[in-house]
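For reference, the chains in residue letters:
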Amino acid sequence: KTDRANIILDPSKLSSFPISPKTFDDLVGEVVLEGLASIEWSDWVKDRTIEKFHGQHSSTIKYLKALVEAAEQIWINLLPKPHVLSLYLQKLQLTNGSLDQRDPTLPPSPASLAEIWKKNMLFSQSSDKLHFYYHDPLRILNKSSISLRELTKIPSLKSRREKRVQLYCRILADIAEQISEWESFGTATDGVSISDEAAMQEGKSEDQELDADEAKNDELSPEQTNELNLILEEKESNLSDRIATVVQDPEAGLMSTIIRKGAAEISSMAEIAQVKRLKEIFREQAAQVRRQKNRHIRRGLTEGKLDARRLYRVPIDGKVFKLKQSPGQDLFWQICIVADASASMAGGEKLRNPWQMVEKTFAAIIKATAGYKNLVDIYAYHANENQCELTKLYHGGKLYTVTPSGKTPSGQAIVASAMLLDRLSKKNSMIIHITDGASNCGLKLSQAVTYCRNKGINLFTIGCGCTLQTREFLIESLPEGQVYFLKNIKYLPSGLEYLFKKMLLGK
């Protein structure tokens with residue numbers, strides 16, 4: 001550490017003599033690091049950056065502090081190249097990095113996220129099998145590396161430090177937005193608390209001056225977290241009370257229902273042939289709508305838009321105007337796909353990873369609908385510990401995924417997704433439920449059918465690779481014409497195309 005004019009080294013590292021070459025190299029690296037940090041006003045840069053994020057949750061601040069600390073270490077390492085001092089800095093970073101080992105498949109702690117970024121920047125090392133919470137922050141951080149290197153070319157010390165603060169604030173603002181979408185309480189297959197055991201231990205070492213009561217008050221309760229999500233997302237995160245209100249049957253089998261946003265982007269690519277077939281359906285739908293609207297033009301009016309075809313009537317009666325009327329209802333659709341993401345969708349002996357086929361189909365739908373006026377929502381659902389978890393897979397123009405697990409609360413998920421439909425859009429609404437098994441918890445399918453019928457929502461179920469027993473269950477629970485069966489999940493694209501042609505084109 002430094003105290004204005006001096007660099008003070010840890011004397012415990014000099015407990016044995018003669019000093020080993022490795023220890024000497026580390027000490028030289030520390031001197032170079034502290035010296036350059038002082039010259040570059042590193043403490044000033046870090047303080048100015050973090051103070052811009054006053055008001056963020058304490059868990060988020062820990063990540064931002066670790067990242068700005070790592071950013072300054074990366075900055076210092078970029079300065080002396082190709083000077084020999086850079087070699088001492090690299091050795092020091094390797095030594096310090098080896099002290100903080102964490103399973104990369106676990107959610108990131110502040111130190112582990114910063115360490116993986118440093119390794120990538122300084123040594124071009126990348127870790128395999130990272131927990132999906134790492135992906136978006138690392139993408140933002142790695143993208144910023146070019147901008148950080150460009151700042152080393154600025155000759156003015158004052159400009160360098162001010163530009164760094166501006167760059168760090170932009171980076172950390174994006175990172176904070178990503179962290180805010182991580183689960184802050186409880187555990188789930190597709191979301192783990194950022195305050196897991198390792199992160200909590202790290203937090204305790206940083207906040208030793210806080211007493212137990214203050215530390216306890218710093219954490220949000222589940223109720224407070226739900227309220228915060230409601231404000232941030234303008235959507236209810238806990239739909240349990242709303243569902244209980246509309247389903248007033250005491251024997252309905254209600255369960256807690258949580259809605260969350262997907263956090264891990266899909267890696268599956270859409271099949272080009274399927275995208276082309278779907279685009280043709282939506283293109284034909286748009287042509288039908290245009291023809292329908294053209295049939296609703298009133299001509300021979302005394303006011304409206306000038307009709308070039310009737311200009312000859314100016315001296316006769318002056319009725320040379322036209323008016324295009326709406327056909328009565330919007331002919332485009334709101335399409336909501338609700339996919340079963342229970343444990344059976346993870347695959348088995350007969351079919352490997354059926355969820356991957358579902359992801360490819362979703363990617364094709366999103367690509368094909370681009371540029372057309374249909375609205376598309378995609379959700380995945382499963383149940384863990386008597387709680388239905390509904391994950392929004394398509395938001396912000398990106399498609400996300402989950403890990404299939406748990407039970408199958410089909411009725412509960414359908415009612416929840418129906419409540420989330422934008423009923424102000426004045427579009428025809430359709431829910432397509434995709435499953436490979438029978439509902440085994442939560443509301444009954446028949447109750448979901450009743451709710452959708454009362455709300456004017458068209459509900460369809462596509463059963464993929466269902467057993468005879470499951471087929472009978474779905475046929476008994478759903479009205480005729482609202483359930484379709486496919487041999488297995490590989491035929492899902494064809495099943496959806498058939499349904500789109502029937503509902504969107506009337507074929």
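As the structure is a prediction and not an experimental result, all values here were calculated from the model.

(A) Molecular detail of the overall build of the protein. A tally of helices and strands in the protein yields 18 helices and 17 strands. Every one of the 507 residues in the protein was classed for burial, and the buried ones make up 47%. For the protein, the share of sequence-separated contacts (at least 6 apart) that also reach a separation of at least 24 residues comes to 73%. Carbon and sulfur atoms form 51% of the exposed surface of the protein, whose accessible area is close to 27100 Å².

(B) Molecular detail of the environment of lysine 501. By the element assignment, lysine 501 lies in helix H18 (residues 492-504). Overall, lysine 501 belongs to the partly exposed group, its relative accessible area being 39%. Taking C-alpha positions, lysine 501 is 9.6 Å from glutamate 284, a pair spaced 217 residues apart along the chain.

(C) Spatial organisation of the sheet that holds strand S17 (residues 483-486). Ordered by their spatial adjacency, seven strands build an open sheet running S5-S12-S11-S10-S15-S16-S17, and the pairing between neighbours is mixed. With partners counted over all chains shown, the strands left at the sheet margins are strand S5 (256-261) and S17, one partner each. Across this sheet, the average inter-strand angle for adjacent strands is 20°, counted without regard to direction. Pairing analysis gives six bridges linking S5 to strand S12 (residues 387-392), with the strands arranged parallel. Paired with serine 256 across the bridge in S12 is glutamine 387.

(D) Examining helix H3 (residues 58-78) more closely. The terminal C-alpha atoms of H3 lie 30 Å apart, and with 21 residues this matches the ideal 30 Å at 1.5 Å per residue to within 8%. Taking burial as the measure, the 21 residues of H3 include 18 buried ones, the bulk of the element.

(E) Broad picture of the packing of aromatic side chains. Evaluated as defined, the whole model comprises six aromatic pairs. Look at tryptophan 41 and tryptophan 44: their rings are 6.1 Å apart centre to centre, the planes differ by 80°, and that puts the pair in the edge-to-face class. Its relative accessible area of 37% is what places tryptophan 41 among the partly exposed residues. An angle of 50° between the planes, with centres 5.8 Å apart, marks the rings of phenylalanine 282 and phenylalanine 500 as tilted. With phenylalanine 282 in helix H13 (residues 272-294) and phenylalanine 500 in helix H18, the pair connects residues that are 218 residues apart, well separated along the chain. Taken together, the aromatic side chains of Phe282, Tyr372 and Phe500 make up a single cluster linked through ring pairs. Over the aromatic face of tryptophan 41 sits the side chain of arginine 161, whose NZ or CZ is 3.9 Å from the ring centroid. Just above the ring of tryptophan 44 sits the side chain of arginine 161; from NZ or CZ to the centre is 5.0 Å.

(F) How the structure looks around the side chain of threonine 361. Here threonine 361 lies in helix H14 (residues 354-369). Taking the relative accessible area as the measure of exposure, threonine 361 reaches 0% and is therefore buried. Threonine 361 has contacts with Gln274, Leu492, Pro493 and Leu496, leaving out every residue within four places of it along the chain.

(G) The arrangement of the sheet that holds strand S9 (residues 321-324) in detail. Overall, antiparallel pairing links the three strands, which are arranged S7-S9-S8 in an open sheet. The two strands at the open ends of the sheet, each matched to only one other strand, are strand S7 (297-301) and strand S8 (305-306). As judged from the two bridges shared by S8 and S9, these two strands associate in the antiparallel manner. Bridge assignment links lysine 305 to a residue of S9, and that residue is lysine 322.

(H) How the structure looks around the environment of leucine 78. For leucine 78, the location among the structural elements is in helix H3. Taking C-alpha positions, leucine 78 is 10.0 Å from leucine 151, a pair spaced 73 residues apart along the chain. Once residues lying within four places of it in the same chain are set aside, the contact partners of leucine 78 are Leu148, Arg149 and Thr152.

(I) Broad picture of a nonpolar patch on the surface. Together, Leu306, Leu311 and Val314 give the surface a local cluster of nonpolar side chains, amounting to about 270 Å² of exposed area. Locating leucine 306 in the fold gives a position in strand S8.

(J) Focus on the pairing of strand S14 (residues 398-401). As paired strands, strand S6 (residues 264-265) and S14 are joined by two bridges and run antiparallel to one another. Across the sheet, alanine 264 pairs through a bridge with threonine 401, a residue of S14. Across two bridges, strand S13 (residues 394-395) lies against S14 in antiparallel orientation. In the sheet register, tyrosine 394 faces S14, and the bridge partner there is leucine 399. In this structure, the hairpin formed by S13 and S14 is closed by a connection of two residues, where glycine 396 is found at a positive phi of approximately 65°.

About the thresholds
- Residues numbered from 1 in each chain as written.
- Predicted model: local features only at pLDDT ≥ 70, side-chain atom pairs only at ≥ 80, totals over all residues.
- Heavy atoms only, no water.
- Helix = DSSP H or I, 4+ residues; strand = E, 2+ residues; numbered from the N terminus.
- Buried < 20%, exposed > 50% of the residue type's maximum accessible area, 1.4 Å probe, protein only.
- Contact = heavy atoms within 4.5 Å.
- Areas by Shrake-Rupley, 256 points an atom, 1.4 Å probe, with all protein chains shown as cover.
- Pairing = 2+ DSSP bridges.
- Axes fitted to C-alpha atoms, helices over the stretch in contact; angles between N-to-C directions.
- Expected span 1.5 Å × (residues − 1).
- Phe/Tyr/Trp six-rings, centres within 6.5 Å; stacked < 30°, edge-to-face > 60°.
- Lys NZ or Arg CZ within 6 Å of the ring centre and 35° of its normal.
- Patch = residues over 30% accessible without salt bridge, like charges linked within 9 Å, V, L, I, M, F, W, Y side chains within 5 Å.
- Salt bridge = Lys/Arg side-chain N within 4 Å of Asp/Glu carboxyl O.

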